[in-house]
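# Structural overview
Residues per chain, in single letters:
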Amino acid sequence: MAVACPYCQFTMSLKGAKPGRYTPACQQCKKKFLIIVTPDAPEIPTVKTWEEGVAEAQRTLHPPESKPSSAHPKNPAHASATRASSVQETIPPAPRTESHAPLSASLPHQSTITAHATSELTGALGGYTIERKIGEGGMGAVYLARQVSLDRPVAVKVMNSAWANDPAFIARFTREAYAAAQLTHHNIVQIYDIGIERDVHFFSMEFVPGKTLSQIVHDQGRIDPEVAAGYTLQAARGLKFAHDHGMIHRDIKPENLLLNEQGIVKVLDLGLVKTPNASEALTAAGVGAAPSSQHAHSGSGHASGTQLNVSMGTPAYMSPEQAQDAANVDPRADVYSLGCTLYDLVVGKPPFEGKTVIEVLTKHASEPLTPPDVLVKRVPPALSAIVQQMVAKKKEDRYSSMDGVIRELEEFLGISSTGPFSPREEHASLLERAVETFNKSPLAGLRKNVLRAFFLVNFLLIVIFLFFGPQWLAGGLAGLIVLSVVSYQIMVGIAQKTHVFTRLRQLAFGARFTDWLKFIGLAILSIFVLWIFGLLWIWIGVAVAAVGLSIAWAIVLDALVRKQRKPSLDEVRGMLKSMRLKGLEEEALRQFVCKYSGKHWEEFYEALFGYEAKMQAREAWGRGEGGRARKKFASWRDSFITWADARMKKRSEARERALLEKLEEKSLRARGTSEVDAKRKAKQAANWMVDQAVNAQEENRRRVAETAAPSPAVVPVVAMRFDQDPDEKELAASQRERDRVRGSANIGGSFGVMILGPHIRLFLGVIALVVCLLWLHQNDSLHAERVRYWVSANVHGAYHNAAEPWKEFTAKSGDPTQVVQFKDKMQPLKIPFLTPRLSREQNWQLFNSLAWGIGGILLILAAFYRGVKISLLIIPAAFVMISGGILGIPGFWKFGGWQLSYLIGGVLAFLAFYLGKERA
């Protein structure tokens with residue numbers, strides 16, 4: 001059938017539409033309008049403008065004032081019933097399951113108006129490979145995907161295309177998601193990335209293997225009261241962390257609480273639960289979303305699926321005040337929803353059920369709650385009292401915040417997180433025994449000794465062959481060491497996703513064109529050096545042996561060590577899981593493992609919790625008696641990983657700024673702002689949001705570090721709120737501060753970066769290296785024998801004896817024949833238009849020096865550091881090396897002029913790299 005846009009009369013086809021309300025955008029004028037398909041006449045859809053639909057919804061939700069009748073006094077129940085009176089669709093009962101539909105369709109497109117706004121995705125999406133759909137809700141579909149750069153599974157939530165037509169909503173929704181992405185807590189599902197590709201808006205999140213609490217109740221029935229209290233306590237801790245950072249969930253229910261394999265409960269969909277302010281009235285009335293197969297909760301005959309307006313939450317778990325005004329609720333709304341969730345876990349069904357949404361909302365507002373201990377005798381009265389206070393009708397009668405919920409549940413479970421954690425003797429003994437068994441693994445000790453012997457023997461042989469020959473064998477053994485380490489790291493990195501390898505993957509996938517030029521240039525330079533010294537083919541042959549050693553080491557020795565250590569780790573994992581399920585706080589458990597694992601704690605801790613958690617524990621609790629630092633494990637990785645993390649954080653911030661700026665600009669232009677003003681304000685707003693997030697994170701880390709608290713969760717935090725537009729003065733002040741900081745850091749701002757930044761260092765380094773290589777090529781010296789003579793001549797200062805330079809060199813080298821041949825071969829570099837203008841002596845000194853190559857290499861290495869401070873020393877260092885002889889630097893003690901210039905340049909280069917810690 002055909003429908004015409006009510007604005008421009010452009011005709012479009014409507015295919016396969018089921019009864020319901022749809023809000024497509026016109027393909028010609030891009031304006032959104034309303035289509036209503038009724039069951040009685042599906043072939044004759046009703047078309048209205050968006051403004052007409054809003055007006056109709058407002059009339060439905062806010063009828064004209066009338067005198068209250070005696071049968072319906074003004075009370076919360078009646079108010080909530082009136083507000084939701086237009087939502088009369090009967091919600092069919094559905095089992096307590098979640099969708100796991102196979103993935104088969106292609107990307108959605110806008111050429112036709114489809115009945116469901118989000119088609120199934122396949123293929124690649126913004127750095128992720130979509131594997132299969134794992135769920136669907138009012139905001140869109142959730143897919144299991146693989147992040148290409150890190151080769152890890154993630155959950156990708158793709159927004160329903162119906163919402164994507166509202167620029168204001170997209171901008172506000174993205175702000176909320178960006179704020180939520182800054183939250184890192186054990187009990188919150190981490191949001192990794194926010195993106196848009198081919199007009200598909202998506203968010204990538206932590207993929208949590210395990211089950212939702214809804215699935216557990218469906219599979220096992222109601223949960224033991226103490227276990228349910230432990231689950232709820234973990235969720236309350238995650239929600240408290242979010243509330244402290246200025247975020248309210250608004251849709252807490254068993255489907256949004258995930259239990260992973262380690263017994264950790266994680267809150268899902270934080271920051272992804274709002275709908276547009278401008279569209280809330282429409283959506284509440286059933287406009288703006290097609291009928292979908294959303295998750296209906298369990299139980300027979302109760303309205304519990306997230307219906308149409310996601311900001312309204314899920315009716316079976318929604319507080320009375322949220323049903324009236326979802327946009328203006330405080331943390332007590334989440335307290336109510338969490339209380340309904342706990343009720344569901346211990347009773348097996350939500351506190352109120354009904355056949356329609358309006359019936360359920362009315363019961364929440366007016367019907368008395370049946371206490372859990374009345375329905376299930378095994379529920380302790382103390383827990384039943386906690387539930388009843390959490391789901392009090394009036395928010396003033398509930399716990400004022402999650403702090404009260406946490407305190408009451410901890411008291412019920414007999415634990416406390418306010419003071420230092422004191423483990424039981426059996427727990428401490430088990431941990432100490434497991435750590436000792438782990439560290440004293442016989443195969444681990446054998447592996448360490450074999451590794452030490454391998455490096456020691458090879459280093460000794462290299463020294464022997466360097467002095468007594470053959471020297472090519474020393475180069476081959478050096479290649480065996482280097483290539484064995486590299487091949488092992490690559491092999492183990494691919495198999496085990498080690499921290500070093502994952503950072504390398506991220507750097508490679510996110511590298512810019514100039515970065516690739518640097519990497520390729522260094523690779524070519526390395527190959528050239530090997531070729532010069534006649535080691536290229538030797539290293540290629542040694543590479544085969546290195547790969548063989550790495551394979552044997554990884555699949556034999558490493559595998560045996562892991563197998564021998566696995567029982568110790570499994571024993572502690574089981575103990576920690578049982579402690580989590582009893583409600584013990586995650587940070588306290590990790591502190592317990594850190595403190596009670598002895599002097600060599602890091603390897604065991606990293607095997608349990610990962611590298612990032614180990615680094616946090618090292619900073620917080622890593623000191624032993626007397627404040628002395630304990631032994632570190634594989635600390636050689638730390639500098640590289642810190643540098644890589646800093647670089648990837650800068651990339652991420654730049655990408656987030658660009659996305660936020662783009663969406664903010666669209667939102668401003670949709671609200672009538674001119675193109676020039678929209679660009680300016682969008683840029684300022686994006687910078688403000690990213691800077692606010694960075695500053696808040698740094699301030700919160702500082703507070704945690706300065707507070708002697710067992711958990712960061714008890715430290716006052718700086719909240720991040722992006723749900724309201726900052727005023728002009730705030731944006732202008734933020735931009736001025738940003739310009740000031742960047743200007744001082746860049747010594748003159750962009751001009752300083754232009755003349756002293758990494759690209760100019762790379763350019764100068766390449767020029768210097770090319771000069772050196774051209775000179776060597778011109779003198780037929782691009783092979784190891786000539787380069788060795790040439791290096792010896794530089795080292796012995798032969799170029800600086802103006803009278804008889806080669807006689808002095810002959811005396812020191814002991815081979816006059818070769819020296820004469822070398823002298824006769826070496827000629828100064830001939831440069832058109834330049835050589836005739838220089839005297840032979842000047843030309844000889846300027847373009848006949850090893851320093852050009854050394855200076856070029858130093859400049860190229862310095863190009864991997866960002867900022868301009870390093871240039872203030874590395875460029876003078878290269879200049880002193882290259883032109884030291886021409887500047888007339890006098891000799892000193894046993895050093896000639898050129899030798900002294902190398903020494904001075906080397907000191908300056910060392911200081912440059914030492915001070916240039918801000919890397920690219």
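Along each chain, residues carry numbers from 1 onward, in the same order as the chain's sequence is written. Confidence filtering applies because this is a predicted model: local features only for residues at pLDDT of at least 70, side-chain atom pairs given and counted only at 80 or more, and all residues used for totals across whole chains, interfaces and linings. Based on all heavy atoms of the structure, the side-chain values leave hydrogens and waters out of the count.

## Thoughts on the confidence of the model for the protein chain
You can read pLDDT as the predictor saying how much it trusts each residue, on a scale of 0 to 100. Per-residue confidence for the protein chain gives a mean pLDDT of 75, with 69% of residues at or over 70. Contacts of residues 795-809 to residues separated by more than four positions or lying in other chains number 28 contacts, the stretch itself having pLDDT below 50. The contact criterion used is simple: two residues touch if any of their non-hydrogen atoms lie within 4.5 Å. Scored below 50 in pLDDT, residues 839-844 shows 13 contacts in the model against residues more than four places distant or in partner chains.

## Some remarks on the sheet that holds strand 4 (residues 33-37)
Picture the strands of a sheet paired through backbone hydrogen bonds; they go either parallel or antiparallel. Taken in spatial order, the three strands of this open sheet run 3-4-5, and their pairing is antiparallel. The two strands at the open ends of the sheet, each matched to only one other strand, are strand 3 (20-22) and strand 5 (46-49). Each neighbouring strand pair of the sheet contributes to a mean axis angle of 20 degrees, computed without reference to strand direction. Whether two strands pair depends on DSSP finding at least two bridges between them. Only DSSP runs of H or I with at least four residues qualify as helices, and only runs of E with at least two residues qualify as strands; both kinds are numbered from the N terminus onward. Axis definition: a line fit to C-alpha positions, over the contact stretch in the case of helices; interaxial angles, taken between N-to-C directions, run 0 to 180 degrees.

## Concerning the packing of helix 8 (residues 331-347) against helix 12 (residues 402-413)
Their axes nearest at 10 Å, the elements helix 8 and helix 12 cross at an angle of 30 degrees. Contacts from Asp334, Val335, Leu338 and Leu342 in helix 8 reach Met402, Val405 and Leu409 in helix 12. Put simply, Ala, Val, Leu, Ile, Met, Phe, Trp, Tyr, Cys and Pro go in the nonpolar bin, Asp, Glu, Lys and Arg in the charged bin, and everything else, Gly too, in the polar bin. Each residue belonging to the contact of helix 8 with helix 12 can be placed in one class, and the counts come to six nonpolar, no polar and one charged.

## What to know about the pairing of strand 11 (residues 200-206)
Across a regular strand the side chains alternate sides, sitting on one face of the sheet and then on the other. Buried residues dominate strand 11, accounting for seven of its seven residues. The pairing of strand 9 (residues 152-159) with strand 11 spans five bridges and is antiparallel. Note that in strand 11 the partner of Ala155 across the bridge is Met205. Both strand 10 (residues 191-197) and strand 11 contribute to a ladder of six bridges, which runs antiparallel. Only protein chains enter the accessibility calculation, which uses a 1.4 Å probe; a residue whose area is less than 20% of its type maximum is buried, one above 50% is exposed, and one in between is partly exposed.

## Concerning the pattern of salt bridges
Salt bridge, as applied in this entry: a Lys or Arg side-chain nitrogen positioned within 4 Å of an Asp or Glu carboxyl oxygen. Following the criterion strictly, the structure yields 35 salt bridges and no others. Arg424 serves as the salt-bridge partner of Glu426, at 4.0 Å between the closest nitrogen and oxygen. Judged by its relative accessible area of 46%, Glu426 falls in the partly exposed class. The salt bridge involving Arg657 is made with Asp691; its shortest N-O contact spans 2.6 Å. Taken together, the residues span a long stretch of sequence, with Arg657 in helix 22 (residues 636-670) and Asp691 in helix 23 (residues 675-706) at a distance of 34 residues. Exposure remark for Asp691: the relative accessible area of 15% places this residue in the buried category. Residues participating in the shared-partner salt-bridge network are Glu602, Glu606, Lys614, Arg618, Arg637 and Asp638.

## So, helix 16 (residues 499-509)
Looking only at helix 16, the buried set comprises His499, Val500, Phe501, Thr502, Arg503 and Leu507. On its buried face, helix 16 sits against helix 15 (471-496), helix 20 (602-609), helix 21 (611-621) and helix 22.

## Considerations on the environment of Leu861
Positionally, Leu861 belongs in helix 31 (residues 851-862). Judged by relative accessible area, which is 36%, Leu861 ranks as partly exposed. When the C-alpha atoms of Leu861 and Pro758 are compared, they prove to be 9.6 Å apart, with 103 residues separating the residues in sequence. Dropping the residues within four chain positions of it, Leu861 is found in contact with Leu522 and Phe913.

## Thoughts on the sheet that holds strand 14 (residues 265-267)
Reading across from one edge, 12-13-14 is the order of the three strands in this open sheet, with antiparallel pairing throughout. Unpaired on one side and paired on the other, strand 12 (210-212) and strand 14 mark the two borders of the sheet. Strand-to-strand twist in this sheet, taken as the mean axis angle between neighbours without regard to direction, amounts to 30 degrees. Sheet topology note: the strand 13 (residues 257-260)/strand 14 ladder contains three bridges and is antiparallel. In the sheet register, Leu259 faces strand 14, and the bridge partner there is Val265.

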